[in-house]
Amino acid sequence: MPRQEIEGDWYMGWPDRKRHTASTSEDKDGRVIHARCPFWEHEGLITPTDATYVIAQLQVPEPIHPDDYDFEIIGKVKNPSRFTVNDLRRMPGHTVRAIAECAGNDTDYWDYLAARKKGGNLQKPSYELQPGKGNEWRGMADQADFDYSSIAELNPSTGFVSAGEWTGVRLRDVLERVEIREDAVAVRFEGFDEGRPDPTVQYLSVGRSDFEVYDPGIINYDKGLPIEKAMEPDTILAWAHNGEWLTHIHGAPLRLIVPGWAGNWWVKWINTIELMDHMPDCYHQTHYFVSGRSPDDPDKKPMTAIGVKTLITDPRDTDSPLSPGQYVIRGLAWSGYGAVKTVEVSTDGGQNWQPAHVEEHGDRFLWRRFSLPWDVSEPGDYTLMSRGTDEAGRQQPTVEWNFQRKHFDGIIPVDISIEQ
Ligand SMILES: Nc1nc2c(c(=O)[nH]1)N[C@H]1C(S)=C(S)[C@@H](COP(=O)(O)O)O[C@H]1N2
Ligand SMILES: [Mo]
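Quick caveat: nothing in here was measured; it's all calculated off a predicted structure. (Residues numbered from 1 in each chain as written. Chains lettered and ligands numbered in written order. Predicted model: local features only at pLDDT ≥ 70, side-chain atom pairs only at ≥ 80, totals over all residues. Heavy atoms only, no water.)

Student: Just to check I follow, could you spell out the sheet that holds strand S6 (residues 81-83) for this structure?
Tutor: Through backbone hydrogen bonds, the strands of a sheet pair up, either in parallel or in antiparallel fashion. Read across the open sheet, the 5 strands follow the order S6-S5-S14-S9-S10; overall the sheet is mixed. The sheet terminates laterally at S6 and strand S10 (219-226), the two strands that pair on one side only. If you compare each strand with its neighbour and ignore which way they point, the axes differ by 20 degrees on average. Taken together, the 4 bridges between strand S5 (residues 71-75) and strand S14 (residues 270-276) define a ladder with parallel strand orientation. Considered in S14, the bridge of Glu 72 is made with Thr 272. Taken strand by strand, helix H3 (residues 171-178) contacts S5, S6, strand S9 (186-195), S10 and S14, and its axis lies near 140 degrees from that of S6. (Pairing = 2+ DSSP bridges. Helix = DSSP H or I, 4+ residues; strand = E, 2+ residues; numbered from the N terminus. Axes fitted to C-alpha atoms, helices over the stretch in contact; angles between N-to-C directions. Contact = heavy atoms within 4.5 Å.)

Student: How do you make sense of unusual backbone geometry when you look at a structure like this?
Tutor: Residues other than glycine predominantly adopt negative phi, and peptide bonds predominantly adopt the trans conformation. Residue Pro 253 is reached from Ala 252 by a cis peptide bond, and omega for that bond is 5 degrees. Here Pro 253 is to be found in the loop between strand S12 (244-245) and strand S13 (255-257). Between Asp 314 and the following residue, Pro 315, the backbone shows a cis peptide bond with an omega angle of -5 degrees. For Pro 315, the position within the fold is in the loop between strand S17 (308-314) and strand S18 (325-335). Phi angles above zero are rare outside glycine, and Glu 179 is one such case at about 55 degrees. By the secondary structure assignment, Glu 179 is in the loop between H3 and S9. Take Glu 179: its relative accessible area is 38%, and that puts it in the partly exposed class. (Buried < 20%, exposed > 50% of the residue type's maximum accessible area, 1.4 Å probe, protein only.)

Student: What's the story with the site of ligand 1 in this structure? I'm lost.
Tutor: In the vicinity of ligand 1, 18 residues are found, and the nearest of them are Tyr 53, Gln 57, Asp 193, His 250 and Lys 268. In the environment of ligand 1, an oxygen atom lies 3.0 Å from a nitrogen or oxygen atom belonging to the backbone of Ile 55. Here an oxygen atom of ligand 1 sits 2.7 Å away from a polar atom, N or O, in the main chain of Gln 57. For ligand 1, whose free accessible area comes to 540 Å², the fraction covered by protein is 99%. (Near = heavy atom within 4 Å. Polar contact = N/O pair within 3.5 Å; in protein donor to acceptor, adjacent residues only side chain to side chain. Areas by Shrake-Rupley, 256 points an atom, 1.4 Å probe, with all protein chains shown as cover.)

Student: For this particular structure, what's the right way to read the state of the cysteines?
Tutor: When the sulfur atoms of two cysteines share a covalent bond, that bond is a disulfide. One pass over the structure, following the stated rule, counts 0 disulfides. Between Cys 37, a free cysteine, and Cys 102, which holds the nearest cysteine sulfur, the sulfur-to-sulfur gap is 13 Å. Given the relative accessible area of 0%, Cys 37 is considered buried. The closest cysteine sulfur to the non-disulfide-bonded Cys 282 is located on Cys 102, 17 Å from its own sulfur. (Disulfide = S-S within 2.5 Å.)

Student: Where do I start with the nonpolar core in this structure?
Tutor: Note that soluble globular proteins tend to have their nonpolar side chains buried in a common cluster. Core analysis: the largest hydrophobic core is formed by 91 residues, its most contacted members being Phe 71, Leu 88, Phe 189, Leu 237 and Trp 367. Looking at this core, the element that brings in the most residues is strand S11 (residues 236-241), giving 5 residues. With 19 residues, the next largest nonpolar core counts Val 340, Leu 372, Leu 384 and Ile 416 among its residues. (Core = buried A, V, L, I, M, F, W, Y, C linked by side-chain atoms within 4.5 Å.)

Student: Hey, could you run me through the sheet that holds S18 in this one?
Tutor: Across the sheet, 4 strands lie side by side as S17-S18-S22-S21; this open sheet has antiparallel pairing. Taken across any chain shown, the strands that pair with only one partner, and hence form the sheet edges, are S17 and strand S21 (357-358). Sheet topology note: the S21/strand S22 (residues 368-376) ladder contains 2 bridges and is antiparallel. Counterpart to Val 358 in the pairing with S22 is Phe 370.

Student: Got a minute to help me understand the pairing of S14 in this structure?
Tutor: Along a regular strand, successive side chains alternate from one face of the sheet to the other. Taking burial as the measure, the 7 residues of S14 include 6 buried ones, the bulk of the element. Both S9 and S14 contribute to a ladder of 6 bridges, which runs antiparallel. Bridge pairing in S14 places Gly 191 opposite Ile 270.

Student: Help me understand the pattern of salt bridges, please; the structure alone is not making it clear to me.
Tutor: Where side chains of opposite charge bring their charged atoms close, a pairing between them can arise. In this structure the tally under the stated criterion is 31 salt bridges. We note a salt bridge from Glu 128 to Arg 316, for which the minimum N-O separation is 3.1 Å. Within this pair, whereas Glu 128 is found in the loop between helix H2 (108-117) and strand S8 (161-170), its partner Arg 316 is found in the loop between S17 and S18, the two being separated by 188 residues in sequence. As a salt-bridge pair, Asp 222 and Arg 188 come within 2.7 Å of each other at their nearest N and O atoms. Remark: Arg 188 occurs in strand S9 and Asp 222 occurs in strand S10; sequence separation between them is 34 residues. Comparing Asp 222 with Arg 188, the two get one shared label, buried. Each of Asp 27, Asp 29, Arg 31 and Glu 62 takes part in a single network of salt bridges with overlapping partners. (Salt bridge = Lys/Arg side-chain N within 4 Å of Asp/Glu carboxyl O.)

Student: What am I meant to see in the environment of Gln 57 here?
Tutor: Within the secondary structure, Gln 57 sits in the loop between strand S4 (32-36) and S5. What makes Gln 57 buried here is its relative accessible area of 15%. Taking the C-alpha atoms as reference points, Gln 57 and Asp 277, separated by 220 residues in sequence, lie 27 Å from one another. Excluding its chain neighbours within four sequence positions, the residues that come into contact with Gln 57 are Arg 138, Val 201, Tyr 221, His 284, Tyr 288 and Phe 289.

Student: What is the right way to look at the side chain of Thr 107 in this model?
Tutor: Within the fold, Thr 107 resides in the loop between strand S7 (94-101) and H2. Assessed through its relative accessible area of 8%, Thr 107 is described here as buried. Once residues lying within four places of it in the same chain are set aside, the contact partners of Thr 107 are Ser 157, Gln 404 and Arg 405.

Written out as structure tokens, the structure reads:
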């Protein structure tokens, strides 16, 4: 008989270890529209598709049958054309392994760390997945009795990062086919999903509701990628994910992959690609996912590359207390500017740092695993921390506080008590 403690799930008829699955929220028809990823359970580098996080800013569209699908490339091009996925599959392929991180991942730690620095005791944001929580706040800002305090607790901000293998073609190879004009500076991607942006999203992001939210009405999700990023060799149009056809919720039949830049650039459900001679005014680029000091800062800027980030995945706060013994501090490290080269770990709240082992591989935008053995014999309270330095020489934390609290890359402490 299998030992009870490894009998997590059944697989192909056999008792097996627990499979990794995301914690999901569903619409009224039981279809997933939002999911958080249990990244700390990963034993390897790639997030299983079933465990990958999900974000949809507007209504998730109805699926299009692959036989009925094509998309158009229009605007500042010499040969406006339509392509099917099979047209793309005849071109030289390109596969990238990369993490995708939502700009709002870990946003609650901005306030938590600020309070902790001042000696306050704001509740620590938890990685823990709470099934069903995550979308209950949708649409609440439109209700007459809306009160921000009623939704603040309903939106755990952790778990919006996953790593995948994405297969498709280089965007620049496709653009070469349509011959882009010299004056093209932006490539606008439009999804076939539509809806009115929910003001509740802005309130939750900013952490208050006492400001005016711009209402663009019903829109399609779109983003205007600067031409330089569009031409990078790892920017691809993907129809496959983790060795299988891309799934509907992750953007099938075709999505954009922009390694290094926050998830909101990775446009799903592509309908139209438009070459433009100016940067477009996309809601999710000039009104949301912007930096600035406040909602009325006149100098708001679109946010692009993510910072340098490390997360300790083991031990976690929920493992505390531990007995004296031999442990390994492990985690994941990534950066929006390319590979994380070194990771340091502290067990005393950042006073002393030791170099961790960083698992090397050739994928610049895929996270790396790090580890440091930790032998601890003295009972007491320990604060574990990690910080990474990337190939561009940037050391965590790199991102400044901004009013939408995006791109958090601060150092998240893990608090462990050692008890006899
Ligand atoms: N068409 C479309 N693309 C989109 C979105 C969307 O709402 N519509 N959400 C974006 C955001 S904010 C993120 S974080 C990622 C999430 O991708 P995933 O659901 O495959 O993890 O998709 C991005 N691409
Ligand atoms: Mo996102």
